[in-house]
Amino acid sequence: MTTLTMPENDTQTDRPALETPFVSVALPIGVDQTFAYRLPEPLRGKVWPGQRVKVPFGRGNRWAVGWIARGLEATDIKEVKEVAEILDDEPLLTRDLLDLAFWMARYYVTPIGQVFEAILPAAVKRKAGFKTVQLVVRTEKSESEVDRILSKQRRVLDRLAQAEGTPLAPRELARQAGCTVAVIKSLEKKGLVRIETREVDEFARDLFIELEEPKTIHLTAEQALALQRVKARIAAEEFGVIVLQGVTGSGKTEVYLRAIEDVVERGRQAIVLVPEIALTPQTIRRFRERFTHVAVLHSGLTDVERHRQWRDIREGRADVVVGARSAVFAPVRDLGLMVIDEEHENSFKQDTAPRYHARDSAIMRANLVGVPVVLGSATPSLESYQNVRTLDHYQEARLTQRIGGRPMPPVHIIDMRQEVAERKGHHALSRALEKAIAEAWRKQQQTILFLNRRGFSTHLFCVKCGHVARCPDCDVGMTYHAKPGVLQCHYCGQKARPPETCPACGAETINYWGTGTQRVEDEVQRKFPDIRLGRMDADSMRPRGGHARLLSAFRDGEVDILLGTQMVAKGLDFPNVTVVGVINADVALSLPDFRANERTFQLVTQVAGRTGRGPKGGEVFVQTFQPDHLTIQLAAKHDYDAFARDELETRRRLGYPPFGRLARIVVRSQQRQRAHEAIQAVAGRLIEPARVAGITILGPQPCPISKISRFWRYHLLLKAPSARALLHFFDGVRSDLSPPGNIQMAIDVDPQSTL
Ligand code: ADP
Ligand code: ZN
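Predicted model only: the values in this text are computed from it and were never measured.

Caption draft 1: Region of interest: the site of ligand 1. Lining the immediate environment of ligand 1, one finds 16 residues, of which His218, Gln223, Gly249, Lys252 and Arg286 sit closest. Within the backbone of Gly249, an N or O atom sits 2.9 Å from an oxygen atom of ligand 1. Here an oxygen atom of ligand 1 and a side-chain polar atom of Thr253 are 3.0 Å apart. Per-element tally for the shell around ligand 1: the top contributor is helix H9 (residues 252-265), with three residues. Taken together, the residues of the shell around ligand 1 break down into four nonpolar, seven polar and five charged.

Caption draft 2: Local environment of the sheet that holds strand S24 (residues 577-582). If you trace the six strands from one edge of the open sheet to the other, you get S15-S25-S24-S16-S23-S22, paired in parallel fashion. Single-partner strands in this sheet number two, and they are strand S15 (411-415) and strand S22 (533-536). Pairs of neighbouring strands in the sheet enclose a mean axial angle of 15°, with direction left out of account. Direction of pairing for S22 relative to strand S23 (residues 561-564): parallel, over a ladder of four bridges. Its bridge partner being in S23, Gly534 is matched across the sheet by Leu562.

Caption draft 3: Structural view of the sheet that holds strand S2 (residues 35-38). An order of S2-S1-S4-S3-S5 is seen for the five strands of this open sheet, with the pairing classed as antiparallel. In this open sheet, the two edge strands, each paired with only one partner strand, are S2 and strand S5 (85-86). Where strand S1 (residues 22-26) and strand S4 (residues 63-72) come together, five bridges link them in antiparallel fashion. By the bridge assignment for S4, Ser24 is matched with Arg70.

Caption draft 4: Structural detail: the pattern of salt bridges. Overall, the coordinates contain 43 salt bridges when judged by the stated rule. Where Arg317 meets Glu315, a salt bridge forms, and the shortest distance between an N and an O atom there is 2.9 Å. Judged by relative accessible area, Glu315 falls into the partly exposed class, the value being 43%. In this structure, Lys349 and Asp748 form a salt bridge, with 2.4 Å as the shortest nitrogen-oxygen distance. You can see Lys349 sitting in the loop between strand S12 (335-341) and helix H12 (358-369) and its partner Asp748 sitting in strand S29 (residues 744-749), a full 399 residues away along the chain. The two residues Lys349 and Asp748 agree in class, both being buried. Through salt bridges with shared partners, one network takes in Glu419, Glu422, Arg423, Arg431, Glu434, Glu523 and Lys527.

Caption draft 5: Here's a closer look at helix H21 (residues 640-654). Along its 15 residues, H21 runs 21 Å from first to last C-alpha, staying within 8% of the 21 Å computed at 1.5 Å per residue. Those residues of H21 that fall on the buried side of the exposure criterion are Tyr640, Ala642, Phe643, Ala644, Glu647, Leu648 and Arg651. The secondary structure elements touched by the buried residues of H21 are strand S8 (240-246), helix H13 (382-390), helix H19 (596-608) and helix H20 (630-636). A positive backbone phi angle near 70° is found at Gly655, which sits one or two residues after H21.

Caption draft 6: Layout of the environment of Val374. Structurally, Val374 is set in strand S13 (residues 372-377). Put simply, Val374 and Gln395 are 21 residues apart on the chain and 9.6 Å apart in space, counted from C-alpha to C-alpha. The contacts of Val374, once residues within four sequence positions are left out, are Val230, Ile242, Leu244, Tyr256, Leu337, Met338, Val339 and Ile340.

Caption draft 7: Fine view of the coordination of the zinc ion (ligand 2). Those protein atoms acting as donors to the zinc ion (ligand 2) are Cys471 (SG), Cys474 (SG), Cys489 (SG) and Cys492 (SG), and they sit at 2.3 Å. In this structure, the zinc ion (ligand 2) is surrounded by four donor atoms whose angles at the metal cover 107 to 112°, and the resulting shape is tetrahedral. Written as a sequence motif, the donor residues of the zinc ion (ligand 2) are C-x2-C-x14-C-x2-C. Considered together, Cys471 and Cys474 belong to a single accessibility category, that of buried residues.

Caption draft 8: Spatial organisation of the side chain of Glu342. Within the secondary structure, Glu342 is located in the loop between S12 and H12. Arg610 provides the closest opposite charge to the buried, unpaired Glu342, separated from it by 5.6 Å. Aside from chain neighbours lying at most four places away, what touches Glu342 is Pro275, Phe348, Gly376 and Gln606.

Caption draft 9: Quick look at the domain arrangement of the protein. For the protein, the domain assignment lists domain 1 (22-120), domain 2 (131-202), domain 3 (221-402), domain 4 (411-454 + 516-650), domain 5 (459-513) and domain 6 (661-749). Between domain 3 and domain 6, the C-alpha centre-to-centre distance is 33 Å.

Caption draft 10: Up close: the pairing of strand S26 (residues 661-669). Of all nine residues that make up S26, eight are buried, and the element is covered over most of its length. Direction of pairing for S26 relative to strand S28 (residues 711-720): antiparallel, over a ladder of nine bridges. Paired with Ile665 across the strands is Leu716, a residue of S28. Pairing of S26 with S29 involves six bridges; the strand directions are antiparallel. Pairing of Ala663 across the sheet is with Val749, part of S29.

Caption draft 11: Here's a closer look at the pairing of S12. The buried fraction of S12 amounts to seven of the seven residues, a majority that puts the element mostly inside the structure. Pairing of strand S9 (residues 269-273) with S12 involves five bridges; the strand directions are parallel. From the neighbouring strand, Ala270 faces S12, where its bridge partner is Leu337. Where S12 meets S13, four bridges bridge the pair, whose relative direction is parallel. Residue pairing for S13: Val339 is matched across the bridge by Val374.

About the thresholds
Residues numbered from 1 in each chain as written. Chains lettered and ligands numbered in written order. Predicted model: local features only at pLDDT ≥ 70, side-chain atom pairs only at ≥ 80, totals over all residues. Heavy atoms only, no water. Near = heavy atom within 4 Å. Polar contact = N/O pair within 3.5 Å; in protein donor to acceptor, adjacent residues only side chain to side chain. Helix = DSSP H or I, 4+ residues; strand = E, 2+ residues; numbered from the N terminus. Nonpolar A, V, L, I, M, F, W, Y, C, P; charged D, E, K, R; others polar. Pairing = 2+ DSSP bridges. Axes fitted to C-alpha atoms, helices over the stretch in contact; angles between N-to-C directions. Salt bridge = Lys/Arg side-chain N within 4 Å of Asp/Glu carboxyl O. Buried < 20%, exposed > 50% of the residue type's maximum accessible area, 1.4 Å probe, protein only. Expected span 1.5 Å × (residues − 1). Contact = heavy atoms within 4.5 Å. Donors = N, O, S within 2.8 Å, 3.2 Å for Na, K, Ca; no water. Tetrahedral: all angles 85-135°; square planar, octahedral: opposite > 155°, others 65-115°. Lys, Arg positive; Asp, Glu negative; His and termini not counted. Domains from an automatic or database assignment.

As structure tokens, then:
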């Protein structure tokens, strides 16, 4: 990250109002250009970059809403139009967010208008009403002013006092106090409580339950050392990155919480980014238990809820912001710390424009403000690992032990080749895993099974002629879903009836091959009819809330086996889980992507981390057809350093990140020929500037998935020796990269996937 160029001025003083006669305005129209407008005399000295303006645009009486990007002393446009109206009293973007926006526009080769749009939630721009709920709060009136308080009423008041700061809905309060809502109503009549109507989001409502007394926790020596590193940076008020590498269950979150306490005591705010699927009530509750003012930003919020959170943060009512990717743009006034949990997760990269990486953007924002960043992971990305070794402002802190001295679980590698050779028929579960499940069940312990493929069978093919059921609109096979008995394309979502005879040769020899979560469910239920299994994947989790319900049933021991896709791999902390099975470790390993090994190592480590968290210990079974693969071997030994060393050597040899940088250019068109011509044209324009910049062009060629939703896809990869080289290269070529009409083009800097 140091090699990136910073915006010119890096002080945090307030930016002066623009006195210039003209301004450049960014419009959210996907064109990589800003437009000059005259600033009417009365507005000069009263506007700031980041403010929204209404401007005439295009022919006739048409208007557009845009953002002031910069002041201009002059413009060579002859008939320059005037800014019509200023829409915000003050800029919606804080100074650091504005600088971040300009950096993102440049680094991710995205029009600045699109970046502004991404930074501000839609509803902030619109202004909307709010959904409301009723909440019970205590009044000023003292109990002694009231004749008599019944014991039930007493319990209600006690519960309210305990939940201090956290509002409770009448029904929930009644449940917790073990009484009816009528008891609360009678307290209201006596004037001891008030039932207020307030705006809260639904997600927050789930959290009003189960507030526990925070236990007193004494940090381990490793935690204390890590915390000291972070606090030193906080005290020095300087930018720096601390990579907190801690094995699963080593207490990383406790370190974040303590560091944030320090920041909040200094009157500043912290932003915590977590992957969307790890943003569970369990995670959020840990922050709410510790801090009174926590704002939560996640993709399930409605526009209205998001707007409310945004406004609360903007007005300084949140000490801590916890959220997924876009929370990196939370408009806190006085940022004191950035925390990125599971920093290696590729879900931090947005796959639509602006294609930013939230971790890297967080580091840039922290750099602009001059505050530290904590990157936490059991398996840091190789980028971060390498940065620790090469960059001065990176530091490392390690938590090598699980809390309570618990050992890491033993990992058994199961050779599926042998299973196939020695057993008849198809079995998703190896004999060893089957035995372990039965054993755990007998002891009333629990199992988690992981398989990153939903549906029943992943391939349908004709044994006679080899015909495969493919999506007509995408270059992928269709997956068979047993319930409700349809073929489905996992890229465009379209469904089809499974053929009874082969559409190509007419034979009745259609084979259902490959294992998805539904087939595993089926097999477990056939083999163990009495075991209670809950499946958690994108198919099983509707309606909303199903996810949380299943997890709490699992926690309460009402479910014996939790089976699912990556949803079950992250963050779950259930001490009674003593068996973890990875049904097919080869899925990630065989992806045609240079990060396949890294992803596999991360995944096995994450999933393995779900067991051995309690005194009963735990074991992990990893099923694979490649038992000798080094990645699998090292993951089984929990040897991250050996893996990182080996993998870095390969990357160095091939010039892949973290040695050098990648960018990817993808074009899409419904006409194959046009897409092909367009990528050829792009490549043609880039050859010479790339040569000068020392950048290698790989391709052009069809993308590994050559068609999605009827769009043909071609790409090329740019391999640059450094971030700086890539940045300067795009500075030079971005203005003449716009493709002909009908062709869609995407530039992806630091791509997380090359499919
Ligand atoms: P990680 O984030 O590294 O997976 P967590 O922070 O979730 O680990 O910690 C695992 C469990 O250990 C949590 O229940 C947490 O409350 C508890 N814990 C963390 N630090 C300590 C400590 N120093 N002493 C006792 N318990 C701790
Ligand atoms: Zn499709």
